[in-house]
Amino acid sequence: VISNIIISKFTKMDDNTAASQGNRGLLSGVKGKNINHSEPNMKTRSLRSSIAKQSFVHDVELGHKVGVFGALLTVVGTIIGGGIVGIPFATLKTGIWIMLVLHFLNFVWGIYSVHLLLEAKNISGLSSFSELGYYCFGRASIFMINGLVALAQCGMPIVYFMIVGSIGNGLLSKISSIKDEFWSSTTFSILVVGVLLFYFAIKKEIQELKGAGFVLLSGVILFIIFMSILLIAEGTGPFDFGDLSKPKFDLETLANVPTIFLAYGFQSAFFPAYTSLKDKTDANGIKTTVGSFTFCIIVYVATSIVALLKFGTDLKGNILENVSDLDGAIPIIISIIFLLIAMMHIPIVLFVGKEAVLIIIDEIMRKSYSTLPRATIDNAYSLRDSYHVNKAANDQEGKAYLTMHPVIFYGVSIFIYVSIVTLACVLKDITLVFGVIGSLAGSYLIFIAPSSFYLMSIRNEGADVSFLRKLIAWIYLILGLVIMLTCLFATIYTASV
């Protein structure tokens, strides 16, 4: 019901917008025969637009396409990870009611950000962050946007590997009598998991990781079930509901907001998930987003409630640290389940970061996203819900890096993966770095990028969009800038005192 209401809202085009886009074949249910791009005011923008709007045609063997549920698994796999163990502590520090409001706001502006990305795609005809960035802001944006994506999506696996190492170390100490300094260390656990995940880390298509998404989904459900069993078996901890529910307005509260952004941030993975769909329509894109966010909110709220009831004010920044202090079979099972969740989450998150780095390298070497001549696909402008794009070649928009020489592609992929594993073994505490990543990359990907792509696409194409829609997009953009600067200040200040 929620999906249908939201889809009917966000996929509805007003008459003016439909009229302005009709000359590009975007009228609902009608495939455009003659494509006449509107001309921007500046010659350079016109040239950049014409280059950016041509889709790649490559002879690349692509993975099989998936339905909405398959794309949902990919998005859920991108969202759920460290947040499941970090959000309960953030709830403790901010207050239950503030956290519920933040969950709701993330749900609303998460869907709105996807709506803006879809509208930017419909207006410009482009369905990748890199091509939209070049089309809207020029070649430098390719490096800036993908640099931020790489920072966020390659930084997060480092944290997950560190969590995996901590879990593995705790499990080995409980189930094994080995006391050797290396074999019982977190480094050994990280290296073992790194070897096990190597095959998944070098995949070319995100839909090839659908199985990992299904395992992650199942693992999350089991995690909540066994946490509930632990609560029932051992009782509640020390807590005062009045104190836990009391809103806390201070810098420490703001410093925990980036954790929420990273817990819900998936916008950089939206287009890879969207292009993996069998039927690439706005409705399916919104359905995937609504379903993913609904599931994640349920998981985050349920985990927070169970964790707060069980550990109360003794709750630590990572609830697994509380679990590891307990004896018995259930804490061991919970640790193993989350170990599996983290392992399945790493390759999905890493894929987006790896893709961003490969795009940067490909642009430096071949200028694939800015100047190379590209054949035009007659249906490059995806039509609205009633028309389904059937050309396999159109699935390759924004994926020129797939045609890189295999030695370069796999060499870069392996180098990125080895670097992440190495940093996870060496670093001890990256709390500040993680907060900075959440403030910068999280705010940009959730707020600034979608709204700026939408507004610049309207300007470049001269699309006739209502003033109210543009005003809301501007407010969303300004909100993102304010949140970015505020959270960045709060993160750095609280870390320094």
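Residues numbered from 1 in each chain as written. Predicted model: local features only at pLDDT ≥ 70, side-chain atom pairs only at ≥ 80, totals over all residues. Heavy atoms only, no water.

1. Description of the overall build of the chain
The condition that has to hold: Numbered from the N terminus, helices here are DSSP runs of H or I no shorter than four residues, and strands are runs of E no shorter than two. Here the term buried applies to any residue with accessible area under 20% of the maximum for its type, exposed to any over 50%, and partly exposed to those in between, with areas from a 1.4 Å probe on protein chains only. Throughout, a residue-residue contact means that at least one pair of heavy atoms, one from each residue, lies within 4.5 Å. For the accessible areas, the method is Shrake-Rupley and the probe is 1.4 Å, while residue cover comes only from the protein chains on display.
Within the chain, the regular secondary structure consists of 20 helices and zero strands. Among the 497 residues that make up the chain, the fraction classed as buried is 58%. Expressed as a percentage of contacts within the chain between residues at least 6 apart in sequence, the contacts between residues at least 24 apart total 87%. Entry remark: accessible area of the chain is about 20000 Å², with carbon and sulfur atoms responsible for 68%.

2. What to know about the nonpolar core
Nonpolar side chains tend toward joint burial in soluble globular proteins. The cut-off we apply is this: Remark: nonpolar core denotes a set of buried residues (Ala, Val, Leu, Ile, Met, Phe, Trp, Tyr, Cys) joined through side-chain atoms within 4.5 Å.
The biggest cluster of nonpolar side chains holds 140 residues, and the ones touching the most others in it are Phe161, Phe223 and Phe338. With 17 residues, the single largest contributor to this core is helix H17 (residues 329-366). When residues no more than four places from it in sequence are discounted, the contact partners of Phe223 are Ile84, Thr303, Ile319, Leu320, Ile334, Ile337, Phe338 and Ile341.

3. A few points about the side chain of Ser124
Just so we agree on the cut-off: We define a polar contact as two N or O atoms separated by no more than 3.5 Å, with the added condition that, inside protein, one atom must be a possible hydrogen donor and the other a possible acceptor, whereas residues neighbouring each other in sequence contribute only through side-chain atom pairs.
By the element assignment, Ser124 lies in helix H6 (residues 96-124). Judged by relative accessible area, Ser124 falls into the buried class, the value being 0%. At 2.7 Å, the side chain of Ser124 forms a polar contact with the backbone oxygen of Ala120. Reaching out from Ser124, the side chain makes a polar contact with the backbone nitrogen of Leu126 at a distance of 3.2 Å.

4. Let's talk about the confidence of the model for the chain
Going by this rule: The quantity called pLDDT is the predictor's confidence in a given residue, expressed from 0 to 100.
In this model, the chain carries an average pLDDT of 74, and 73% of its residues clear a pLDDT of 70 or more. Within the chain, the element-level pLDDT minimum falls on helix H2 (residues 15-22), averaging 38, and the maximum on helix H18 (residues 406-426), averaging 90. Counting interchain partners and residues more than four positions distant, the pLDDT-below-50 stretch residues 1-8 has 11 contacts. Below pLDDT 50 for its whole length, residues 51-63 participates in 50 contacts with residues either more than four positions away or in separate chains.

5. A word on H6
Here is the rule: The span expected for a helix works out to 1.5 Å for each residue beyond the first.
Look at H6: 42 Å from first C-alpha to last across 29 residues, which is about the 42 Å you get at 1.5 Å a residue. Here H6 lies mainly inside the structure; 23 of its 29 residues are buried. In the segment just after H6, Gly125 is the residue with positive phi, at about 85°.

6. Some points on H18
The end-to-end C-alpha separation of H18 is 30 Å, in line with the 30 Å expected for 21 residues at 1.5 Å each. Considered for burial, the residues of H18 that qualify are Phe409, Val412, Ser413, Ile416, Tyr417, Ile420, Val421, Ala424 and Cys425.

7. Structural notes on the pattern of salt bridges
The following threshold applies: Any Lys or Arg side-chain nitrogen found within 4 Å of a carboxyl oxygen on Asp or Glu counts as a salt bridge.
Considering all chains together, one arrives at four salt bridges under this definition. With a shortest N-O distance of 3.6 Å, Asp282 and Lys121 are connected by a salt bridge. Of this pair, Asp282 sits in helix H15 (residues 282-311) while Lys121 sits in helix H6, and the two are 161 residues apart along the sequence. We classify Asp282 as buried; its relative accessible area is 1%. Judged by relative accessible area, Lys121 falls into the buried class, the value being 2%. The salt bridge involving Arg139 is made with Glu363; its shortest N-O contact spans 2.6 Å.

8. Here we look at the packing of aromatic side chains
The way to describe two aromatic rings as a pair is by their centre distance and the angle between their planes. Short version of the rule: Planes of paired rings set the category: under 30 degrees apart is stacked, over 60 is edge-to-face and the rest tilted, where pairs are Phe, Tyr or Trp rings (Trp by its six-membered ring) whose centres lie within 6.5 Å.
In the structure shown here, the tally under the stated rule is 13 aromatic pairs. Considering the side-chain rings of Phe409 and Tyr410, the 5.1 Å spacing of their centres and the 85° angle between planes classify their relative orientation as edge-to-face. Residue classification places Phe409 among the buried residues on the basis of a relative accessible area of 1%. Chaining the aromatic ring pairs together yields one cluster made of Phe129, Phe270, Phe271, Tyr274 and Phe453.

9. Focus on the packing of H17 against H18
Helix packing for two helices is described by the angle between their axes and how far apart those axes are. The test is simple: Structural elements are reduced to axes, namely lines fitted to C-alpha atoms, with helices fitted over the stretch in contact, and the angle between N-to-C directions of any two is expressed from 0 to 180 degrees. Throughout this description, any angle smaller than 35 degrees is read as roughly parallel, any larger than 145 degrees as roughly antiparallel, any in the 65 to 115 degree range as roughly perpendicular, and the remainder as oblique. Should the near helix be turned anticlockwise from the far one by less than a right angle, the crossing is termed left-handed; should it be turned clockwise, right-handed. Each residue gets one label: Ala, Val, Leu, Ile, Met, Phe, Trp, Tyr, Cys and Pro are nonpolar, Asp, Glu, Lys and Arg are charged, and the others, such as Gly, are polar.
The contact between H17 and H18 brings their axes to 10 Å, and the two run at 130°. Comparing their axes, H18 and H17 come out oblique. In this structure, the crossing between H17 and H18 has a hand that is right-handed. Only Ile408, Phe409, Val412, Ser413, Ile416, Tyr417 and Ile420 of H18 make contact with H17, whose side of the interface consists of Leu350, Lys354, Val357, Leu358, Ile361 and Met365. Looking at the contact of H17 with H18, its residues break down into 11 nonpolar, one polar and one charged.

10. A word on the packing of helix H5 (residues 83-94) against H6
Where H5 meets H6, the axes come as close as 6 Å, and the angle between the chain directions of the two elements is 125°. Taken as axis vectors, H5 and H6 run oblique relative to one another. Two secondary-structure elements touch here, H5 through Ile87, Ala90, Thr91 and Thr94 and H6 through Ile96, Ile98, Met99 and His103. In terms of residue class, the contact of H5 with H6 is built from five nonpolar, three polar and no charged.

11. Looking at the environment of Thr494
Residue placement: Thr494 occurs in helix H20 (residues 467-496). Judged by relative accessible area, Thr494 falls into the partly exposed class, the value being 27%. Residues Thr494 and Leu254 lie 240 residues apart in sequence; the distance between their C-alpha atoms is 9.5 Å.

12. Looking at a nonpolar patch on the surface
Cut-off, in case you're wondering: Each patch is built from salt-bridge-free residues with over 30% relative accessible area, joining like charges within 9 Å and nonpolar side chains (Val, Leu, Ile, Met, Phe, Trp, Tyr) within 5 Å.
On the surface, Phe467, Leu468, Leu471, Ile472 and Ile475 cluster together into a nonpolar patch covering about 510 Å² of accessible area. With respect to the helices and strands, the residue Ile472 is situated in helix H20. Given the relative accessible area of 39%, Ile472 is considered partly exposed.

13. Concerning the environment of Ile333
As for its position among the elements, Ile333 is in helix H17. Given the relative accessible area of 32%, Ile333 is considered partly exposed. For the pair Ile333 and Phe223, spaced 110 residues apart in sequence, the C-alpha separation works out to 8.8 Å.

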